[in-house]
Structure formats: C-alpha cells, structure tokens
Amino acid sequence: MYDIQKIREDFPILQREVYGKPLIYLDNGATTQKPRCVVDAITEEYYSVNANVHRGVHFLSQQATELHEASRETVRKFLNAKSSNEIIFTRGTTESINLLVTSFGEEFMSEGDEVIVSVMEHHSNIVPWQMLAARKGISIKVIPMNDKGELLQDEYAKLFSDRTKIVAVTHVSNVLGTVNPVKEMIAVAHAHGVPVMVDGAQSVPHMKVDVRDLDADFYAFSGHKIYGPTGVGVLYGKEEWLDKLPPYQGGGEMIQTVSFEKTVFNELPFKFEAGTPDYIGTTALARALDYVSAIEMDHINAHERELTVYAMQQLKRIPDMRIFGEAENKDAVISFLVGNIHHLDMGTLLDRLGIAVRTGHHCAQPLMQRLGIEGTVRASFALYNTKEEVDALVAGIERVRKMF
Ligand code: PLP
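Participant: Would you mind going over the pairing of strand β4 (residues 87–90) with me for this structure?
Facilitator: In summary, the side chains of a regular strand alternate between the two faces of the sheet. What you see with β4 is no split at all: I87 and F89 on one side and I88 and T90 on the other are buried throughout. Bridging between β4 and strand β10 (residues 233–237) involves four bridges; their strand directions are antiparallel. Among the inter-strand pairings, T90 is bridged to a residue of β10, identified as G233.

Shown next as structure tokens:
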C-alpha cells in the first residue's frame, strides 16, 4: 500500500509554512525535497568517515572509497547497466550532456555532420550542441511535434542522413510532461547505425528506467531531481562507447601515469572523473535511490500518474484554462496559462497562498517559440504530493482568476 502520510513524514520541509500557510510544493521538476535519510547520509559521512577517495592507504580513505564505489554499484543496479564502469559521476544532467557532447563531438563529429534533437529539449541539450556547431561546423536537426506535444515519429525517421552521427533526445519533457517513446526512437536510430543519448532528468525520478531494455547508448540524469543532493549526477554510457571517447577534463584521478612527455589515461570510469569527486554526494544519491527503490518506482509512477490525471481533470474545469501538453503518454508535469493572466503574476499570487510553482520558459525557449508563448505556469508532482494539494492549487488559481 502507498502510505502517503508516512512518506510525507520522511520529508521534514513539508511540515513548514510559508506566509503562514502550509507549504504546497509543486516545483519538483526543478528540484525535489529530500527525505531525512538522504540528509543523514551527508552528515553521517562528514562526521565519521570523511577522507579523500581512491588515493589513500589509511582507514578513512579506504572506507570513503568503498562507500563511493558502492554508490556507483547502486546506480548501476538502479539503471540496470551491465557494468559499474558504465556509470560516470558528474555534477548533474547538464554536465553529463556537456561531457558527452564534448567527447563524442571531438572524436566522432566533423564539419557537416549532424545531430538530431527534438523541439522540446531543455537548453542543456541544445546549447552544448550549438557550441560544438560553432567549434566544428556540425548542424542540428530538430524533430517537430504536434499540438498535443508529441514528437512526430514520421518526421523523425526522415531526418536521418549519411551525416547523422548521434540522436540526443529527452525522455520526458520538463514543460509538457510528454513521455517520448525513446525505446522505439532508439531502435530507429540504431537501424541507421546511429547512437542515442537520452536526457533522463525528468524520467528517472518518475518511472523505472532500464538502460539495457531501452538499449540507450548514453543516459543522463541529476541526483537532486530524484530526492538526492545537489551537485551530483550521472552519465551512463555503454562501455564500448565510453572506451572510444576521449576524456572530458584533465587532472588527478583520470590518469594512470603522467610525465611531461606523455600521460596515460586511467581506465573506465575514472577516465571521465578528473579531480576529487563529490563522494559525499554520491553516498547521499545512493541513499536516495535506495529510498525510492524501497517504495518501488512502479508504485511512485502509479501514484503520480493518478495525481496527474486528477489534476488535468480539475484544472480543465477552470474557465479560460489553457494546458500545454496533452500527450497520450504524459507524466507528472502540467504547464498552463489562464486567460490573459501573466504567468509571473499567477506564480507570485499562488506563492502567497503557500503554493510553489514554477513560471517562465523553463529553459526551453525554442519550445516556447513553437507554442507561440513566452512562458507558462508549471506544476510538477513528486511522490509526496496529494490530491488535497491539487485541490488547493485549483482553488488558488480560481482565486487569482477572480482577482483579475
Ligand atoms: N534536462 C531536463 C529535461 C531538465 O528538466 C533539466 C532541469 O530542469 C535539465 C536537463 C538540467 O538539469 P540540471 O540543472 O540538474 O543539470
């Protein structure tokens, strides 16, 4: 049974008030709140284990290293990767994508080569490709979508050419909530001999992700969006691909030997992890993954789906409501505008009622251009949100609407 009250008790921040009102936190797409066990993991390690990993013979260093590498194994299991060599720790999705674009672009792309992205990408899966385009003269092809916010699969299939080197696509849109059929899209790309990088920032927190079942070549996500700490993320890559890619950054950890004449790079996964890693963060991330695994991703998904369907039904009853993103397969994100009320005004007034939503372009300006708007109000759900909170959101919107 999904015991929502018990789950909520794990998150101390949910007990607080803002402006004298109980906090209703619906900005989970931006970041999630942390259960006590995750924060405890951080303090416990700082208080009793802290030492730099990988390079110490002393007790604490070895213990910290064991924790850090055990966390890698936890991530491996969570994604069902074949080997922990395939789990690269980064600062988050953004760094994971920058790593991939820089290393893959360096090794496998030259002037005239093409990357396929979608119209609903977050800036972090657009701008790094544009920077590569400026450096190397590659070009960016864009998969269009229909008005429901679903990628046009026929158009996608037509974008491949003999210059296509990689596809980089989001699993779930952070604006529309669309769950893209990435497994099928990967199969299409593979039929052309093209690898695929999936941006999993908005999928990993909400559904079971099995990188081997998807056959993804690369998969990126952020710890802080799945109840883990800020500053830690993951790039999964198939070992056969990672072996072929050059390092992203140079420094300690990522080398085997260094002389002024020649440096020999370390093996996987360390080749991509220059410098001291956030080993406290990786422990806390593993604790977060253990936390959601204990509840079970399928139960979390069912709860959030139910909440999303309910919220869509209730929101649609509000006059002048415009919802952006009505895909058949839609996850825990709802973007909307009401009449002519500016998204910032709506967000600010909802905040005064204790309701935290996000407003603006959500780092997806090309998508805003496609929708012909400047921004939206976005409510995004997590495992601890309730129908009562959705009701409060709906009542809050009604109140704001009547004020205008
Ligand atoms: N990709 C998507 C789809 C996102 O929603 C986000 C963050 O909102 C990112 C990438 C970037 O994640 P981070 O800021 O944690 O690197």
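Participant: What am I meant to see in the environment of K208 here?
Facilitator: With respect to the helices and strands, K208 occurs in the loop between β8 (196–199) and α8 (211–214). For the pair K208 and N80, spaced 128 residues apart in sequence, the C-alpha separation works out to 9.8 Å. Contacts of K208, omitting those with residues within four sequence positions, involve M297 and D298.

Participant: Please clarify how helix α2 (residues 36–48) should be interpreted in this entry.
Facilitator: Residues spaced three or four apart along an α-helix face the same direction, because each turn holds 3.6 residues. An ideal rise of 1.5 Å per residue puts 18 Å on 13 residues; α2 measures up with 18 Å between its terminal C-alpha atoms. Residues of α2 that are buried include every one of V38, A41 and E45, and no others. For α2, the arc enclosing every buried residue in end-on projection is 50°, short of the 170-degree limit, so these residues lie on one face. Residues of α2 that are buried sit in contact with α3 (59–79) and α10 (279–295).

Participant: Explain the sheet that holds strand β13 (residues 321–324) to me, please; I cannot follow it from the model alone.
Facilitator: Where strands meet in a sheet, backbone hydrogen bonds hold them as pairs that are either parallel or antiparallel. Within the open sheet, the four strands sit side by side as β13-β14-β17-β16. Their pairing is antiparallel. The open sheet terminates on both sides in strands that have one partner only, identified here as β13 and β16 (358–360). Between one strand axis and the next, the sheet turns through 30° on average, direction left out of account. Pairing analysis gives three bridges linking β16 to strand β17 (residues 376–380), with the strands arranged antiparallel. Note on β17: the bridge partner recorded for T359 is V377. Packed onto the sheet, helix α11 (residues 297–316) meets β13 and β14 (333–338) and runs at close to 150° relative to β13. Across the sheet, helix α12 (residues 343–352) touches β14, β16 and β17, and the angle it forms with β16 is around 160°.

Cut-off values and rules
- Residues numbered from 1 in each chain as written.
- Predicted model: local features only at pLDDT ≥ 70, side-chain atom pairs only at ≥ 80, totals over all residues.
- Heavy atoms only, no water.
- Buried < 20%, exposed > 50% of the residue type's maximum accessible area, 1.4 Å probe, protein only.
- Helix = DSSP H or I, 4+ residues; strand = E, 2+ residues; numbered from the N terminus.
- Pairing = 2+ DSSP bridges.
- Contact = heavy atoms within 4.5 Å.
- Expected span 1.5 Å × (residues − 1).
- Arc of directions from axis to C-beta.
- Axes fitted to C-alpha atoms, helices over the stretch in contact; angles between N-to-C directions.

None of the figures reported here should be taken as evidence of function without further support.
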